[in-house]
Structure formats: C-alpha cells, structure tokens
Amino acid sequence: MTKKENFLKGLIKENPIFVFLLGMCPALAVTSTFETALGMGILVIFVLTGSNFVVSLVRKYIPHEIRTPSYIVIIATFVTIVEMITEAYTYDLYIALGIFIPLIVVNCLILGRAESFASKNKVIDSVIDGIGMALGFTIALITIGVLRELLATGTIQYGVYLPFFVEEPISLIKLFPKKFGLTMFSLPPGAFIALGIILAISQFRKVRNAEKKAKEKKAFIEQKKKEALERKRQAKMQKAGDNK
Amino acid sequence: MFDKLKTALVLVIIAGVSGFLIYNVNELTKDKIEANKTSREEAYYAEIFDTKDKIKYTKTALDDVLIQEEIEITDTSGNVIGYIYKGTHSNNYGDITVLIGITIDDLISNVIISSTTNTPTFVQKLKDNNLANFSGQQIGSVTYDSKTGATYSYTSVSQIVDSATQYYSENRGEMND
C-alpha cells in the first residue's frame, strides 16, 4: 500500500463511521451542530495522530501481554492534554462537548488503530494512517452535524464555540427560518435518524456501484463468450472449407 | 523473573512519562483555565443582576445540604445590591449547579444553570422556557411551573431555589431586620 493509499483509505473506503461504524458515541452525541462536530473532529485528529505516533514508536519495547493497558495510558495522556488545552483556549467548546472529551479515551476507533495498525507498522505510516482515519472520522461527524443542524434550525452557524477566524457568530448557510425547523433533529432520536439516512444513502450508493460492476462484469463475460463462440464457428467453417 | 521485571519497568516508564507530560501541560494551562472560570462566573453574576457596571463580590462557604456558597454582590460604591446562592443537586441524570440571585428587596432577580451533566436538550428547554419565570418573584411566595418537559432537571432547580430563598429569609431577609 502506497502512502497516498494509506492516507486516503480512511476518508471514504474505510471510513470509521460510515463503513466500520466505530466511535458511534460521539457520532451521535456531539453532532447536534456543525461546530461541535468540527470541534470533536479536531480533538480526535490530535489524539489519534499522537497516539498512533507514540504507539508505533514504542511498539518494540512493550511486552505483548501489557499492550492494551499501555495503549490506553498513552491515549488517556493525549486526551487529558487535549482536554486541558480545550479548557484553556476554547472554553465554550469545552463546556459544549462536556463529558465527551474524556470519553475519547474509550473511543474504539483510537484503540482499534493503535492495536491493528500502529503496533505493527512504521512511525511514518502510522502517523499517515492516524491523520487519514481521523480526517475520515471528522468528515463523517461534520456530515451528520450539518444535516442535523440544517434540519433542526435551517442554518449553519460558526463562531459560537470555536473562536477562530471570526469575532462574532456568523451564519454560513441559511435555508429557512428557525421556526420551520424540525427540533427533533437536535435531540438524540434525531441523531439516530440522521445517521440512518446517511448510512442508507451510503449503502445505496455502495450497492448500486456493486450492481453496476457486476452488470459490467457479466456483459464482459457475455461478450467474451460470444467472441469465443464466433471464433469457434469460424474455425469450424474454415475446417469444413478445407475438407471440401 | 526478568520478564516480569521488564514488564513492570515498561509500565512504570509509560506512567512516569504520561504523568510528567500531564503535569507540564497543567502547569502551562492552569492559570488560563482559572481565569476562564472566573470570567465565566463574573459574567453570570452580572447577568443575574442585569448590570454592565463593574461589580465586586465576596464569597462565603455555607454549611447547607444544597447551598454551598453565598456571594455578596456590591456595586462600585460598596453598597450591597443583592446575594447570589450557588447550589448543587444530584438527580438520576447527574448533577446540576444553579445560581440564584436575590436582591435586597427580597425579590428573585434571576436563576441561572451554571453547569450540569443532565441531558443538554432538556436543560436548554428549561433555560428557554422556565427559568425566566422565577425573575421578579417574592422570596416568600415562589411559584413553580407544573409542566416543564424536563421534570428531573426542573425538580432539582426548584429544590435549590427553595433552599436558597429559605436560607435568605432566615439569615438575610426583611424578617431579620
């Protein structure tokens, strides 16, 4: 696998949320708005990249029987650091994400990548894998967040929790007034429904592509069969002509 | 034997490095975190008494089941404008911390949920629809909403408001003048 393939696999083909259904707790809990989803995504990028880097760096020195507790301590260290930095520099985001920041420790995506990839691969590859997977995770969170916020409020806001680039909150997209919004999408049932819709669309595309490929393959085989039969028929005719 | 020692040593090193990193990050961020908390709290105090002027405050720890702190609020001239009571209650969904502002005229000036681990959407419902109803109520005759759609959180808020008004009546209110 090339470095580019290693990086890109996490974005769509092996997307942690839409394909492997990993890390569903934050995917459902903190995606009520685009901004909280983006905030959680940024934190996961930092934790996953850092933990993959360290796990890969020390993989040869950690005895097999204590690898899981060791990985958890490494991940927990990064999460604690991230939590403190968030509390210090983006306090509103810290308040909005609440308990879900410490819960990154038990996000199975992070431990999963440490166990299945970083502990078996070189440092550079592990870091690339971490960034790719975390970006895929972030894209998935943002997709759910955008859908939920749009359906619930009709707008996409930025600047409420993340203080970067803007002085005051701004509306990135405004589709309809808030009073026409489906409030349910900002509540937990809305998270399940939004995720269900996105998974159904993604599954539909996957099945359609598979069917298309199967059809193309079938047509190709039919074509080859026809060509073979034609060749056989021509050979027979040629043989008959030669006999005459 | 050597294997076990090696395992223990690896764990000690990982824990040591982890502790060292966390200690240093904490040293770097603790002042900023404390400043954030203070500024958030001061913003709440100003919001409770609806003032943009600078206020001064004095905190007193209380020995009460629900109310942990009494904060005396004074204006820039040193006149007491009211008291804020900070109370915490635990329900089935976690903790909820509430600030109740009472003016020296024995009126509830505002009620704010300062932090909570209750379900955010239900807490938001209370903030949007129910907390404003406390404002302006006389402390001796506080009425509570019967239907809120967030029963557990509202019950906690009600109990804290009840304790705060009771404490104020007994210790600071006109009854003690």
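In case you missed it, the structure is sitting above this.
A.B. asks: So what exactly am I meant to see when it comes to the environment of A:M1 here?
C.D. replies: Residue and element names in this part refer to chain A. Assignment of secondary structure puts M1 in the segment before α1 (3-8). Its relative accessible area of 70% is what places M1 among the exposed residues. For the pair M1 and F34, spaced 33 residues apart in sequence, the C-alpha to C-alpha distance is 33 Å. Once you skip the residues sitting within four places of it in the chain, M1 turns out to touch N6 and K9.

A.B. asks: Just checking my understanding: could you explain the pattern of salt bridges for this structure?
C.D. replies: Two side chains of opposite charge can pair, provided their charged atoms sit close to one another. All names here are of chain B. Across all of its chains, the model carries 11 salt bridges over all chains by this definition. For E27, the salt bridge identified is with K30, shortest N-O distance 3.3 Å. Within this pair, E27 and its partner K30 are both found in helix α1 (residues 2-48), separated by three residues, close to a single helical turn. Its relative accessible area of 34% is what places E27 among the partly exposed residues. By relative accessible area, which is 38% here, K30 ends up partly exposed. Between R172 and E70 there is a salt bridge, and its shortest N-O distance comes to 2.8 Å.

A.B. asks: I'm lost on the nonpolar core in this one. Help?
C.D. replies: Across soluble globular proteins, you tend to see nonpolar side chains buried next to one another. With 50 residues, the main nonpolar core has A:I17, A:V47, A:I104 and A:I144 as its most contacted residues. Considering each element in turn, this core owes the most residues, nine residues, to helix α3 (residues 34-57) of chain A. If you look at the next biggest cluster of nonpolar residues, it comprises 25 residues, including B:L62, B:V123, B:A150 and B:Y167.

A.B. asks: What exactly am I supposed to notice about the packing of aromatic side chains here?
C.D. replies: Both the distance between ring centres and the angle between the ring planes are used here to describe each pair of aromatic rings. A full pass over the atoms with the stated rule returns nine aromatic pairs over all chains. Ring geometry for A:Y91 against A:Y94: centres 6.0 Å apart, planes inclined by 20°, an arrangement best described as stacked. Of this pair, A:Y91 and A:Y94 both sit in helix α5 (residues 91-97), separated by three residues, roughly a single helical turn. For the pair formed by A:Y91 and A:Y94, the shared burial category is buried. Ring centres 5.8 Å apart and planes at 70° place the aromatic pair B:F134 and B:Y144 in the edge-to-face group. You can see B:F134 sitting in the loop between α2 (120-129) and α3 (151-171) and its partner B:Y144 sitting in the loop between α2 and α3, a full 10 residues away along the chain. On the accessibility criterion, B:F134 (1% relative accessible area) is buried.

Reading the values: the criteria
- Residues numbered from 1 in each chain as written.
- Chains lettered and ligands numbered in written order.
- Predicted model: local features only at pLDDT ≥ 70, side-chain atom pairs only at ≥ 80, totals over all residues.
- Heavy atoms only, no water.
- Helix = DSSP H or I, 4+ residues; strand = E, 2+ residues; numbered from the N terminus.
- Buried < 20%, exposed > 50% of the residue type's maximum accessible area, 1.4 Å probe, protein only.
- Contact = heavy atoms within 4.5 Å.
- Salt bridge = Lys/Arg side-chain N within 4 Å of Asp/Glu carboxyl O.
- Core = buried A, V, L, I, M, F, W, Y, C linked by side-chain atoms within 4.5 Å.
- Phe/Tyr/Trp six-rings, centres within 6.5 Å; stacked < 30°, edge-to-face > 60°.

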